[in-house]
Every structure is written in structure tokens, then in C-alpha cells.
Amino acid sequence: MRTRATVVAVSGAMALSALAVPAAQAAGSRSHHPVDTLKALHAAASGRSALSGAGSAAGAPYRLDARFGSVRINKGRAIVAGTGAKVTVPVTFKVTHGAGVDLTAEDVELDLVLYRGASFAHPDHVLIGDFRPTCSTASATVASCTGTVDISPSGELDNVDATVWKAAGYVIDWNDVDPRSDDVDWTKVGYAEGDALATVKLQRSARLTANAAPEPVKKGRTLTVTGALTRANWDTDKYAGYSAQSVKLQFRKKGSSVYSTVKTVKTGTTGGLKTTVTASVDGYYRFVFAGTSTTPAVSAVGDFVDVK
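Residues numbered from 1 in each chain as written. Predicted model: local features only at pLDDT ≥ 70, side-chain atom pairs only at ≥ 80, totals over all residues. Heavy atoms only, no water.

Considering the overall build of the protein chain
Assigned secondary structure in the protein chain consists of two helices and 21 strands. Residues classed as buried in the protein chain amount to 48% of the 308 residues present. Counting only contacts in the protein chain whose residues sit at least 6 apart along the sequence, the fraction spanning at least 24 positions is 67%. (Helix = DSSP H or I, 4+ residues; strand = E, 2+ residues; numbered from the N terminus. Buried < 20%, exposed > 50% of the residue type's maximum accessible area, 1.4 Å probe, protein only. Contact = heavy atoms within 4.5 Å.)

Take a look at the structure:
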């Protein structure tokens, strides 16, 4: 499992600012502290407008021949996180590389992460996986990779994180350079990155309830349907009411599989719902919320009412 940490932003073209990055894939003697390594790597590249290969600044990493493509996050769906359980987000991508680049080498670091912010060079927040992606050889110069981004809501998310995130990938080839050394020869270290490779929404999980009373009820009498719409509050690690939201009350007749909308109701200041209908036939009542950009759609479980 990887250690999560925060890298202080350093000026220059290399983007991994504020990023938690694991040690090299090699075990034991090849491991190193990711934060210190990336700070030093950023400093080595400081002042460069691009990783330009030959003619680059003295002591700076060279441009590695590797490009990311075919990035897919969470199978194309939005990511929904609650307040407790870890959310494991699958990612798949391809890396096209030069014939001289060995992505399986023990001293090569490769990863795909999610970030929000203006750019990978200046992110507001970064999310990574607990383990590195694994790659298989599709051809001599193409690798197909799979991995995860693992999110622990209580320790990593705030409400402002419910927005669109971008994917960024990077490859570091240490070429037998010891990253723990006090005198790293950065000219021997290769680096490549891809920014804004794909986008994905991160949303706050929602819950919705419905209860119709009294039960049973006489035909023609008034039924009161109550419920509540709540969603994950990542600032407090609890669920809280989602106010001023339009929610549909729907009814399904006993023996039918189709719900029809009866009316639209708005949630109160604490997310509460309350409305009345006239009882006519046996069936199920439920509330349905269509969702917003920060919160997914959710439907309550239908509550059965026996009409006498």
C-alpha cells in the first residue's frame, strides 16, 4: 500500500505539485521518500518552459518518450462517495512509448491520478490509488494499464470537492539513479506526463425516504406522505438535509410495475418532505429526486398502503 502525502508546489514545467506519489516500484533498497524526491525533481526542472530533451538546462530531467491515451475513469460513470466507506474507482489507460522505454523496469514509476484545479501544475487537490497501476504489453511500444483511485471520504474530501475532476498521468524513469542520493544526476532521469486526459464528476451520496400514513386507510380519506432527502456532508462526515430541492411523489398501483408522478414537492430547510393525497386504491408511494451536478439521483423505497 502507498503512503499518502502532500508535495509542496515548486515552480517549473513538471506538474506533480501537491501530489502524493509512491516510492519506486523496486522493493527494499530502491524505495525512497516520494515527497522529498518530487521536491528535488521539481527543483531540478525549475525555470524550464518544457521538457525539451537535448539542450535542456543543466541538471534537469530529460523528456521521456511516453504518452498517455484511452483513459477511462470509473467505467464512464460519475464517482459517488458517502461519509464512511472507502470508494475504489477503476481506471484504465494506455501508454505509448519509445522502443527504448521499459515501463516494467523496477526503477520506473508510472501512475494515473485525479486532480481538481486549473491544471496539474497547480492543483487544488489530488487523489491517488493505494497501489500502482499494473500494465501489460499490447505491443512493443504500447502498454495497456489498469489501476484504481482509492478515496477515503472522511480523511480526503470536503464539500468543495463535489465537482469535475481531471485525470493526469506521469512516468519517471530513474535509469538506475538512486533517488535517495544527496547528489542526484537529474540529467539521467527521464520524465513524461499527460494533463487533462479525461474528466469525471465526484458527487455527494444521497439518501431518500418515504412513509405514507395512516396504514391501512379508508378509500377517500387523506394520506400524508412524509420523507427526507439527505446527502453526504464531507465537512462533518455526516449526512445532512438537502434543502430547497424539487422531489417527485410517485405512485404505483398494486400489481403494476410502473410508477406515475402524482405531484412535485420541495424539501424544507432540513431536507424534510411532507404532502397529502387522497387514498383510492392499494399501491406504493415513493419520492424520486432527479439529482444535481453535485448530488446523484436517488429514489426512495416504495411504501405500500392498503386501502379499505
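Moving on, there is more to tell.
Considering the environment of lysine 219
The topology assignment puts lysine 219 in the loop between β13 (211-213) and β14 (222-233). Lysine 219 gets classed as exposed once you look at its relative accessible area, which sits at 62%. Setting aside chain neighbours within four positions, we find lysine 219 in contact with Ala279, Ser280, Val307 and Lys308.

Side note on the packing of aromatic side chains
By the definition in use, this model includes six aromatic pairs. Considering the side-chain rings of phenylalanine 68 and phenylalanine 93, the 5.7 Å spacing of their centres and the 40° angle between planes classify their relative orientation as tilted. Placement of the pair is phenylalanine 68 in strand β2 (residues 66-73) and phenylalanine 93 in strand β4 (residues 87-97), with a sequence separation of 25 residues. Residue phenylalanine 93 is classed as buried on the basis of its relative accessible area, which comes to 2%. On the numbers, 5.8 Å between centres and 50° between planes, the contact of tryptophan 174 with tryptophan 186 is tilted. In this pair, tryptophan 174 is assigned in the loop between β9 (164-173) and β10 (190-194) and tryptophan 186 in the loop between β9 and β10, connecting sequence segments twelve residues apart. Assigned by exposure class, tryptophan 174 and tryptophan 186 land together as buried. In this arrangement the basic side chain of arginine 252 is found over the ring face of tyrosine 284, its NZ or CZ atom lying 4.2 Å from the centre. In this arrangement the basic side chain of arginine 286 is found over the ring face of tyrosine 259, its NZ or CZ atom lying 3.8 Å from the centre. (Phe/Tyr/Trp six-rings, centres within 6.5 Å; stacked < 30°, edge-to-face > 60°. Lys NZ or Arg CZ within 6 Å of the ring centre and 35° of its normal.)

Quick look at the pattern of salt bridges
Following the criterion strictly, the structure yields six salt bridges and no others. A salt bridge links arginine 67 to aspartate 65; the nearest nitrogen and oxygen atoms lie 3.0 Å apart. For arginine 67, a relative accessible area of 47% translates into the label partly exposed. A salt bridge links lysine 308 to aspartate 306; the nearest nitrogen and oxygen atoms lie 3.0 Å apart. Since its relative accessible area comes to 25%, aspartate 306 is described here as partly exposed. What emerges from the salt-bridge pattern is a single network uniting Arg116, Asp124 and Asp161. (Salt bridge = Lys/Arg side-chain N within 4 Å of Asp/Glu carboxyl O.)

Let's talk about the nonpolar core
Counting residues in each nonpolar core, the largest one holds 35 residues, and the members touching the most others are Ile73, Ile79, Leu114 and Ile151. Going through the elements one at a time, β2, β3 (79-81), β4, β5 (108-119), β8 (142-151), β9 and β11 (199-204) are the ones with two or more residues in this core. No other element matches the five residues that β4 contributes to this core. Core analysis: the next-biggest nonpolar cluster, separate from the first, contains 23 residues, Leu208, Ala212, Tyr285 and Val305 among them. (Core = buried A, V, L, I, M, F, W, Y, C linked by side-chain atoms within 4.5 Å.)

Some details on unusual backbone geometry
For the bond running from alanine 213 to proline 214, omega is 0°, close enough to zero to count as cis. Not every positive phi belongs to a glycine, and asparagine 74 is a case in point at roughly 55°. Residue class for asparagine 74 comes out buried when judged on its relative accessible area of 11%. A positive phi angle, near 50°, is found at asparagine 175, a position not held by glycine. Residue position: asparagine 175 is located in the loop between β9 and β10.

Examining the environment of lysine 248
Along the chain, lysine 248 falls in strand β16 (residues 246-253). Distance from lysine 248 to lysine 266, taken between C-alpha atoms, is 8.5 Å for residues 18 residues apart in sequence. Leaving out residues up to four positions away in the same chain, lysine 248 has contacts with Thr261, Lys263, Thr264, Arg286, Phe287 and Val288.

Some points on the confidence of the model for the protein chain
For the protein chain, mean pLDDT is 85; residues scoring 70 or higher make up 81% of the total. Here residues 5-36 is a poorly scored stretch, pLDDT under 50, and it has 107 contacts once near neighbours within four places are set aside; other chains count. Taken together, the stretch residues 47-58 has pLDDT below 50 and engages in 17 contacts with residues farther than four places along the chain or on a different chain. (pLDDT = per-residue confidence, 0-100.)

Remarks on the pairing of strand β15 (residues 238-241)
Relative to β15, β14 runs antiparallel, the two being bridged by four bridges. Note on β15: the bridge partner recorded for asparagine 233 is lysine 238. Between β14 and the antiparallel strand that follows it, β15, lie four residues; aspartate 237 among them carries a positive phi value of about 60°. (Pairing = 2+ DSSP bridges.)

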